[in-house]
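# Inside the fold
One-letter residues, chain by chain:
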Amino acid sequence: MAALPDKPALEGLEAKWGERWEQDGTFLFDRDAARASGRAGVYSVDTPPPTASGSLHIGHVFSYTHTDVKTRFERMRGKTVFYPMGWDDNGLPTERRVQNYYGVRCDPSLPYDPHFTPPFQGNAKSVKPADQVPISRRNFIELCEALTVEDEKTFESLWRELGLSVDWTQTYRTISDETIRTSQLAFLRNYERGEAYQDLAPTLWDVDFRSAIAQAELEDRDQPANYHRLAFHRVDGSGDIHIETTRPELLAACVALVAHPDDERYQPYFGTTVTTPVFGVEVPVLAHPLAQPDKGSGIAMICTFGDMTDIVWWRELNLPNRTIIGRDGRVVAEAPEAIVSEAGRAAFAELAGKTVFSARKRVVELLQESGELLEVGKSFQHPVKFYEKGDRPLEIVSTRQWYIRNGARSEQLRARLLELGRQIDWHPEFMRVRYENWVNGLTGDWLVSRQRYFGVPIPVWYALDDNGERDYARVLVPDAASLPVDPTSDVPPGYTEDQRGAPGGFEAETDILDTWATSSLTPQLAGGWQRDAELWDLVAPFDVRPQGQDIIRTWLFSTLLRSALEDDRAPWTNASISGFIVDPDRKKMSKSKGNVVTPADILAQHGSDAVRYWAASSRLGADAAFDPQNPTQIKIGRRLAIKVLNAAKFVLGFDAPEGARVTEPLDLSMLAALDDVVTQATKALEDFDHARALEVTEAFFWTFCDDYLELVKERAYTGGDAGASAAVALRTALSIVLRLLAPVISFATEEVWSWFQEGSVHRAPWPVPTGLGGDPAVLAAASEALIGIRRAKTEAKASQKTPVAAAVVAAPAERIELLRAAEADLRAVGRIAQLEFADGEQLAVTRIDLAPEEA
């Protein structure tokens with residue numbers, strides 16, 4: 001126990017107690033205790049692994065504090081807490097950060113350079129992609145590794161400063177050998193059960209990242225567009241059919257026209273053919289219920305592929321594939337076979353190699369020259385699909401990709417995913433609807449392959465036939481014992497290195513798994529799945545998955561899917577969903593909007609307890625506005641933490657004799673009121689309502705300081721049995737309040753605890769009601785009377801220390817009885833010589849006579 005400081009202060013507490021917690025192993029997972037209690041005695045957290053490719057922002061501090069408050073509560077309740085931390089290293093964001101940081105780009109055709117030195121160190125963002133230095137795949141991955149390790153150190157330092165009670169011995173990286181082994185093993189088990197498969201299909205493609213994009217990673221952004229009215233010519237020469245399109249550059253990829261089957265305007269044309277303008281290709285006129293009669297001219301051209309609806313039409317109407325946009329986002333060199341006329345092929349040759357924008361401009365010119373462009377409408381805004389981290393609209397190209405079945409094409413699996421979702425307790429409950437909407441809205445299986453470099457290699461090879469061509473029906477997989485593997489450097493069972501690329505030999509899969517395919521396994525990665533059976537049984541299913549609302553469709557869904565496929569159960573019993581941090585204009589904070597606030601300066605200026613208080617003041621699922629120029633809630637939190645220090649020092653200045661008991665009505669009343677607070681706060685935290693727990697605790701604390709402490713301090717100074725009762729009550733209340741506040745203002749409460757208690761407050765038992773009896777109404781009435789006495793002195797322009805000769809307090813009869821129980825304390829605090837009570841409709845000080853001033 002420490003001596004009381006002369007001047008308690010918040011400054012330096014983060015470093016002091018962070019170091020002590022580390023030395024004492026305060027937050028370590030105690031496996032022996034977990035083994036003794038079994039799964040029921042463990043509280044396990046599937047902590048979000050932040051993406052180690054940049055900097056943390058204030059939203060991270062917000063949501064991770066919510067989790068920490070709940071976790072500290074469960075630890076004090078006697079649970080053995082399993083609270084790991086992971087780092088999400090691999091994926092497209094990391095690669096882009098490496099490119100911008102070092103001024104390099106990956107070229108897999110280049111050889112490894114063991115002596116390579118990057119041209120920049122952190123200031124290459126302005127370098128154009130074409131000017132980035134090309135390096136080998138291995139060199140590029142080494143730079144990714146180096147930069148993520150440095151980012152992880154920065155992140156961990158900030159988390160420690162914030163006071164997250166994480167067990168730092170339980171960490172993982174999504175790109176470590178052990179993680180790669182787990183991720184590859186899970187994928188192979190999906191493959192063995194038929195849940196993972198490969199298919200050649202239209203794929204959403206980011207031309208900058210040069211990678212396929214999954215449905216969960218899409219976002220709509222409004223983009224300008226114009227409707228172009230074109231004339232398609234009926235083959236029988238009986239006239240034209242007019243269509244309107246926003247993408248005339250895809251005219252060469254047109255495979256049909258489509259209208260609604262009930263549209264009388266076009267029913268006569270169904271089953272006939274027309275020729276496309278400029279390119280002269282004959283295409284059919286077909287009916288499909290997805291066509292919209294009230295959109296444009298009511299008939300649309302189907303191109304391979306302009307949007308997701310084109311894919312549906314192409315698949316359901318069994319149309320040919322004439323894709324003309326390549327993986328680089330430019331028109332391919334070779335014209336579709338359907339363009340046979342000399343003029344049509346000449347027109348296509350003018351488009352080859354052009355970007356989508358340039359091709360659009362030239363096609364419009366060709367249509368104008370041919371007279372087949374009838375009209376260009378006014379510009380308007382419409383939603384276009386983007387990769388959530390991309391800069392240009394996605395294109396749709398045909399590629400061979402790996403998928404995991406997700407219920408989009410299986411009613412049975414979809415129903416099971418919905419059922420498992422209902423087995424989870426959602427906090428707040430309405431977030432479950434977002435999950436169900438996502439599951440019900442799935443349009444395709446989960447695309448898990450990426451054409452990138454830094455990630456978990458897809459652990460397969462392909463047998464080559466006698467001509468050296470891939471035989472996609474003969475997929476070669478490794479033994480589980482040989483994992484992790486890199487197919488580009490390892491060989492499949494039964495083959496030798498000299499058979500790589502040779503006829504009759506094998507060829508490696510060069511794609512990597514989407515980062516979500518690994519992040520969807522965070523319970524398995526942290527919990528020792530297929531690595532540490534005892535640990536897995538102690539922590540799984542996890543007690544809680546905390547996360548943001550924006551990744552319900554990605555992280556939460558994909559994790560639940562993998563658990564359903566592997567174990568046929570939900571991966572957690574609770575899902576706690578934080579809201580967004582918005583700027584003062586109520587706009588979501590994001591890097592793209594340029595309104596992100598980084599937390600380091602906020603923590604340094606106001607202290608961690610103040611920032612934790614701000615975060616804990618907001619309920620789960622609710623957005624919180626944050627103004628860094630005027631962080632009101634943070635300032636309130638700092639004031640609370642300072643008051644805890646100062647009030648505790650004052651309370652501990654009173655000696656509580658050994659064996660003394662609480663006997664006085666006012667003291668018992670205060671503890672009875674505190675019992676109610678303990679009950680409410682406990683129930684709130686059990687229900688993941690940290691804001692309510694803080695609200696009731698803080699309200700009591702200020703009443704305790706402003707009213708009760710003032711009312712009893714004279715008695716506590718005086719001593720005797722009555723004084724001892726006050727001193728014991730004060731210390732009892734301080735102990736309870738510190739424990740109630742410890743999950744939120746973790747540093748100040750630990751500091752005060754060390755002044756008069758052994759061990760850590762965070763390992764102390766969560767408070768329970770004292771059950772000493774007492775009527776909370778006594779303190780409430782006395783507090784109201786005290787406020788009236790103070791007000792009367794203020795109105796008389798007298799100091800609060802001014803003696804009072806006589807005072808009268810009026811109140812209803814039942815409240816007078818309450819006031820009589822605290823009469824001595826009221827006279828002492830008000831310095832009242834004679835205190836009388838009178839009947840009244842409400843409690844009020846009706847008379848106060850100040851004592852004559854001494855000469």
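Nothing here was measured: the structure is a model prediction, and the numbers come from that model. (Residues numbered from 1 in each chain as written. Predicted model: local features only at pLDDT ≥ 70, side-chain atom pairs only at ≥ 80, totals over all residues. Heavy atoms only, no water.)

### Quick notes on the overall build of the chain
Each helix and strand counted, the chain has 25 helices and 32 strands in total. For the chain, the C-alpha atoms occupy an extent of roughly 120 × 65 × 55 Å along the three principal directions. When the accessible surface of the chain is summed, it comes to about 36,200 Å², and 48% of that surface belongs to carbon and sulfur atoms. Across the chain, the mean location of the 92 positive side-chain charges is 2 Å away from that of the 125 negative side-chain charges. (Helix = DSSP H or I, 4+ residues; strand = E, 2+ residues; numbered from the N terminus. Areas by Shrake-Rupley, 256 points an atom, 1.4 Å probe, with all protein chains shown as cover. Lys, Arg positive; Asp, Glu negative; His and termini not counted. Charge placed at Lys NZ, Arg CZ, Asp CG, Glu CD.)

### Quick word on the side chain of threonine 26
On the secondary structure map, threonine 26 appears in the loop between helix 1 (13–24) and helix 2 (31–37). Residue class for threonine 26 comes out buried when judged on its relative accessible area of 6%. In this structure, threonine 26 is in contact with Arg20, Trp21, Ser760 and Arg763, ignoring residues within four places of it in sequence. (Buried < 20%, exposed > 50% of the residue type's maximum accessible area, 1.4 Å probe, protein only. Contact = heavy atoms within 4.5 Å.)

### With respect to the packing of aromatic side chains
One pass over the full model with this rule turns up 30 aromatic pairs. Taken together, a centroid distance of 6.0 Å and an interplanar angle of 80 degrees make the contact between phenylalanine 140 and tyrosine 453 edge-to-face. You can see phenylalanine 140 sitting in helix 5 (residues 137–162) and its partner tyrosine 453 sitting in the loop between strand 21 (449–450) and strand 22 (461–464), a full 313 residues away along the chain. With a centroid separation of 6.5 Å and 50 degrees between ring planes, the pair formed by tyrosine 266 and tyrosine 269 is classed as tilted. Residue classification places tyrosine 266 among the buried residues on the basis of a relative accessible area of 9%. Ring-pair connections join several aromatic residues into one group, and the members of that group are Trp21, Phe27 and Phe747. Residue placement shows arginine 138 over the ring face of tyrosine 112; its charged tip is 3.8 Å from the ring centre. The positively charged end of arginine 400 is found above the aromatic ring belonging to tyrosine 472, 3.7 Å away from the centroid. (Phe/Tyr/Trp six-rings, centres within 6.5 Å; stacked < 30°, edge-to-face > 60°. Lys NZ or Arg CZ within 6 Å of the ring centre and 35° of its normal.)

### Digging into the sheet that holds strand 23 (residues 470–476)
Overall, antiparallel pairing links the 3 strands, which are arranged 23-22-24 in an open sheet. In this open sheet, the two edge strands, each paired with only one partner strand, are strand 23 and strand 24 (506–508). Direction aside, neighbouring strands of the sheet carry axes that sit 40 degrees apart on average. Relative to strand 24, strand 22 runs antiparallel, the two being bridged by 3 bridges. Counterpart to tryptophan 461 in the pairing with strand 24 is alanine 508. (Pairing = 2+ DSSP bridges. Axes fitted to C-alpha atoms, helices over the stretch in contact; angles between N-to-C directions.)

### Digging into the packing of helix 18 (residues 632–652) against helix 21 (residues 720–741)
Each pair of packed helices gets described by two things: the angle between the helix axes and the distance between those axes. Contact pair helix 18 / helix 21: the axes reach a minimum separation of 10 Å and the direction vectors enclose 155 degrees. The angle between the axes of helix 18 and helix 21 places the two elements in the roughly antiparallel class. The two elements helix 18 and helix 21 cross, and the hand of that crossing is left-handed. Along the contact surface, helix 18 presents Val644, Ala648, Val651 and Leu652, while helix 21 presents Leu730, Arg731, Leu734, Leu738 and Leu741. Class assignment for the residues of the contact of helix 18 with helix 21 results in 8 nonpolar, no polar and 1 charged. (Parallel < 35°, antiparallel > 145°, perpendicular 65-115°, else oblique. Left-handed = near helix turned anticlockwise from the far one by under 90°. Nonpolar A, V, L, I, M, F, W, Y, C, P; charged D, E, K, R; others polar.)

### Observations regarding the sheet that holds strand 27 (residues 572–578)
Pairing is parallel in the open sheet, where 3 strands are placed in the order 19-27-26. For this open sheet the edge positions go to strand 19 (425–427) and strand 26 (542–548), each flanked by a neighbour on one side alone. Adjacent strand axes in the sheet meet at a mean angle of 20 degrees when their direction is disregarded. Across 6 bridges, strand 26 lies against strand 27 in parallel orientation. Bridge pairing links phenylalanine 542 to tryptophan 572 in strand 27. Across the face of the sheet, helix 15 (residues 552–567) comes into contact with strand 19, strand 26 and strand 27 while running at roughly 160 degrees to strand 26.

### Observations concerning the pattern of salt bridges
Taken as a whole, this structure holds 60 salt bridges when the rule is applied. A salt bridge links glutamate 507 to arginine 470; the nearest nitrogen and oxygen atoms lie 2.6 Å apart. In this pair, glutamate 507 sits in strand 24 while arginine 470 sits in strand 23, placing the two residues 37 residues apart along the sequence. Here glutamate 784 and arginine 815 are joined by a salt bridge, their closest N and O atoms 2.8 Å apart. In this pair, glutamate 784 sits in helix 23 (residues 776–795) while arginine 815 sits in helix 24 (residues 813–821), placing the two residues 31 residues apart along the sequence. By relative accessible area, glutamate 784 is classed as partly exposed at 33%. Through salt bridges with shared partners, a single network forms among Arg31, Asp32, Arg35, Asp532 and Glu534. (Salt bridge = Lys/Arg side-chain N within 4 Å of Asp/Glu carboxyl O.)

### Notes on helix 16 (residues 599–606)
Those residues of helix 16 not exposed but buried are Pro599, Ile602, Leu603 and His606. The buried side chains of helix 16 occupy one side of the element, clustering within an arc of 95 degrees when seen end-on. Facing away from the buried side of helix 16 by more than 90 degrees, the exposed set consists of Asp601, Ala604 and Gln605. Those residues of helix 16 hidden inside the fold are in contact with helix 3 (58–76), helix 5, helix 17 (608–616) and helix 18. Just beyond helix 16, the residue with positive phi is glycine 607, at close to 95 degrees. (Arc of directions from axis to C-beta.)

### Here's the deal with unusual backbone geometry
Cis geometry marks the peptide bond from histidine 427 to proline 428, where omega comes out at -5 degrees. Along the chain, the position of proline 428 falls in the loop between strand 19 and helix 11 (431–440). Here glutamine 530, not a glycine, exhibits a phi torsion of approximately 55 degrees, which is positive. Among the structural elements, glutamine 530 can be located in the loop between helix 13 (522–527) and helix 14 (533–539). Assessed through its relative accessible area of 45%, glutamine 530 is described here as partly exposed. One non-glycine residue, lysine 797, lies in positive phi territory at about 55 degrees. Position of lysine 797 among the secondary structure elements: in the loop between helix 23 and strand 30 (804–811). Of the residues examined, lysine 797 reaches a relative accessible area of 77% and is grouped as exposed.

### Comments concerning the pairing of strand 27
Of all the 7 residues making up strand 27, 6 are buried; the element is thus mostly covered by neighbouring parts of the structure. Where strand 19 lies against strand 27, 3 bridges are found, and the strand directions are parallel. Note that in strand 27 the partner of aspartate 425 across the bridge is asparagine 574. As for the winding sense of the linkage, the β-α-β connection from strand 26 through helix 15 to strand 27 is right-handed. (Right-handed = clockwise from strand over helix to strand, strands pointing away.)

### A look at the packing of helix 10 (residues 411–423) against helix 11
Contact geometry for helix 10 and helix 11: axes closest at 10 Å, N-to-C directions at 175 degrees. Overall, the two elements helix 10 and helix 11 adopt an arrangement that is roughly antiparallel. Taken together, the residues of helix 11 that come into contact with helix 10 (itself represented by Arg414, Leu417, Leu418, Gly421 and Arg422) are Arg432, Tyr435, Glu436, Val439 and Asn440. Looking at side-chain class alone, the contact of helix 10 with helix 11 contains 4 nonpolar, 2 polar and 4 charged residues.

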